[in-house]
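Structural characterization, general
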Amino acid sequence: MKLQSLALLGSVLLSCVFFVEGRVFCFRRLKKRGKCGGHLKKLNYASPEDCCAGRGVGFATRKQKVGRNRFVCTPCTEPGSSKLPLPKKKDKKHNKRRNNKKRNKQADAAARTTSPPRPLNDVTQPETTTKRVDDWPKPRTENENKFGYYSFPRSDDDDVVKVEWSDWSPCSATCGAGWRSRFKVCDGCDKNDYENVMSRPCMINFYCPVDGNWGPWFPWQSCSQSCNGGTRVRQRKCNYPPPAYGGQTCPGPAGNEQDCNEQPCPVDGAWSTWSEFTLCSATCGPGVKRRVRACDSPSPANGGKECPGSPVLTRKCEMTKCPQDGHWSLWAEWSQCTATCGAGLRTRSRGCNSPRPMHGGKDCEGESVQTMNCVSARPCPVNGAWSEWNDYGFCRAPRCSWGFRIRTRLCSQPRPQHGGRPCEGTQYQRVECFNDQDCPRNGTWCPWSDWSACSATCAEQTSLQVRQRTCTCPDPRFGGNDCEGDSLEVRDCSDVPYCNIGKEGKAKGGKSRMCGDSEVEGSGADEDCDQVCISKACV
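Predicted, not measured: the structure shown is a model, and the values here were computed from it.

This part covers the overall build of the protein chain. Helix and strand counts for the protein chain stand at 4 helices and 20 strands. Evaluated residue by residue, the protein chain yields a buried proportion of 21% over its 539 residues. Within the structure as shown, the protein chain displays about 38,700 Å² of accessible surface, and the carbon and sulfur contribution to it stands at 50%.

As structure tokens, then:
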């Protein structure tokens, strides 16, 4: 009996929860697989009966869309619905089948109601059947308790023995839903037998005080410092459950703090300043110069990053241009032969440009042009050329008469060959001549010789010069006349200085002078004479 009461109470509560007074969604078309469509946009459907009694063929307590104009619904013809006829017309056979199905279900419900109660240790849940609202049992006033729960009335049949029950025990719960029981008043009864016990629900206060309980800790928040010691915090909420209806709040703090990241902070390395550049690696021409820096400002520590970049910086440098000696390029191809016939020359050249001499470098050594003899396939025409003239021959004239003499030359230097031109000009040449062989010839003076030196060196003496000529140009022969005139000429010397005359010479009348240790006769009267003799000075 107790279990039946509980099942009925659960069924009533479920129906009340499902069909709460308020909005019910009603649909006017029934689709495949128990889905509905065509929502009737009327907001005052208070119950499924209102929906099914009108144009509706299905209803739902919440609107759940599963496709285009397709909603989850409960058809009006299913068990548990209002079982109202659909708006569509049905034949008699369909109505008969529906009535038979209704009678069978009512018989099954009656059989379940009269079935014996289950034992207390049977934990199998009773099978519940959703009924129409009109089929629910109506509570009787005399059997309804103060909580509004329905209890089945006991039969007043005279054959039934009247049973005396004890008073109801206090409610098992001080708040919320509980149970109270009473027992049969009998001697030797087993109070553990379910037939001797009656129980029913009770409720002192609808809501019990709920003490708050801490929910799980939230994850730790980030540490306040990434290194060198920091703190982190985590929180929790008093919501598992939260305090309600006068219950106590959660004991303890809502937050927790913890030390974190106590390791020393990593120190990233930093470069020091650059050093000065070194000298250029080459005294002339391209070179490099370097400067360095150190990763010690500060040095990396505690896992810090190394300094980015290179510790060495190089740059190109060039103090002066290095002398560059010239070098020959490759020889060019030989040129064509200069002669179209006979012998010729072929040349080839090279340039001092691999590389050129620069910045005081040496020039290329050797020749830039080479020559080579070459011979044409055919001989060239050779023009004739005269040889040298030979000597003149004898004079072709009678004795002591005028005539001529001849000299010749040959066209043999070279001779004309291969169609070459002959020599131009005459082969013979003649000049006039006189045949003086055994012919009388007068003599002819040769040119005068140069004047001789003066015979004296100062004017007090006789000073003469002489020149000569000979009659040999030509000399007279074969009875010819001699040359006319003198063969010798004499003249006084001019511009001869005066001789010096000594004191003793002046006392004697100026007719003598001293020349060294001896007295020399002279006619000079000029006392300024610097020299009176050749070998001794005047005194």
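As a further point, take the state of the cysteines. Here the structure, examined in full by the defined rule, presents 20 disulfides. The disulfide bridge from Cys238 ends at Cys250, spanning 1.8 Å between sulfur atoms. Taking the torsion about the sulfur-sulfur bond, which here is approximately 80 degrees, the covalent link between Cys238 and Cys250 counts as right-handed. With Cys238 in the loop between β9 (230-235) and β10 (255-260) and Cys250 in the loop between β9 and β10, this residue pair connects regions lying 12 residues apart in the sequence. Taking relative accessible area as the criterion, Cys238 reaches 21% and is therefore assigned partly exposed. What makes Cys250 buried here is its relative accessible area of 9%. Paired by a disulfide, Cys411 and Cys423 hold their sulfur atoms 1.8 Å apart.

Taken as a whole and judged by the stated rule, the model has 2 salt bridges. In this structure, Glu318 and Lys321 form a salt bridge, with 3.3 Å as the shortest nitrogen-oxygen distance. Across the pair Glu489 and Arg467 runs a salt bridge, and its minimum N-O distance is 2.8 Å. Taken as a pair, Glu489 in strand β18 (residues 488-492) and Arg467 in strand β17 (residues 464-468) lie far apart in primary sequence, 22 residues in all. Residue class for Glu489 comes out partly exposed when judged on its relative accessible area of 30%.

Attention now goes to the pairing of strand β8 (residues 197-203). When you tally the buried positions in β8, you get 5 out of 7 residues, the bulk of the element. The pairing of strand β7 (residues 177-183) with β8 spans 7 bridges and is classified as antiparallel. What sits directly across from Gly178, in β8, is Cys202.

On to the environment of Ser449. Secondary-structure assignment places Ser449 in the loop between β16 (428-435) and β17. Since its relative accessible area comes to 36%, Ser449 is described here as partly exposed.

With that out of the way, let us pick up unusual backbone geometry. A cis geometry characterises the amide bond from Tyr240 onward to Pro241, with omega recorded as 0 degrees. Mapping Pro241 onto the fold places it in the loop between β9 and β10. A cis amide bond links Ser297 with the next residue in sequence, Pro298, at an omega value of 0 degrees. Here Pro298 shows up in the loop between β11 (286-292) and β12 (312-318). Unlike most non-glycine residues, Asn69 shows phi in positive territory, near 55 degrees. Along the chain, Asn69 falls in the loop between β4 (65-67) and β5 (70-72). Positive phi, normally seen in glycine, also occurs at Tyr245, with a value near 55 degrees. Positionally, Tyr245 belongs in the loop between β9 and β10.

Moving on to the nonpolar core. Looking at soluble globular proteins, one finds that nonpolar side chains tend to be buried together. Counting 8 residues, the largest nonpolar core is built from Val24, Cys26, Leu40, Tyr45, Cys51, Cys52, Phe59 and Cys76. Once residues lying within four places of it in the same chain are set aside, the contact partners of Cys26 are Gly38, His39, Leu40, Tyr45, Cys51, Gly56 and Gly58. Phe25, Ala60, Phe71 and Cys73 belong to the second largest nonpolar core, which has 6 residues in total.

What follows concerns the sheet that holds β4. Pairing within the open sheet is antiparallel, and its 6 strands lie in the order β4-β5-β2-β1-β3-β6. Both outer strands of the open sheet, β4 and β6 (74-75), are each paired with one neighbouring strand and no more. The pairing of strand β1 (residues 25-30) with strand β3 (residues 58-60) spans 3 bridges and is antiparallel. Its bridge partner lying in β3, Cys26 is registered against Phe59.

How each quantity is defined
- Residues numbered from 1 in each chain as written.
- Predicted model: local features only at pLDDT ≥ 70, side-chain atom pairs only at ≥ 80, totals over all residues.
- Heavy atoms only, no water.
- Helix = DSSP H or I, 4+ residues; strand = E, 2+ residues; numbered from the N terminus.
- Buried < 20%, exposed > 50% of the residue type's maximum accessible area, 1.4 Å probe, protein only.
- Areas by Shrake-Rupley, 256 points an atom, 1.4 Å probe, with all protein chains shown as cover.
- Disulfide = S-S within 2.5 Å.
- Salt bridge = Lys/Arg side-chain N within 4 Å of Asp/Glu carboxyl O.
- Pairing = 2+ DSSP bridges.
- Core = buried A, V, L, I, M, F, W, Y, C linked by side-chain atoms within 4.5 Å.
- Contact = heavy atoms within 4.5 Å.

Read these as spatial facts, not as claims about activity.
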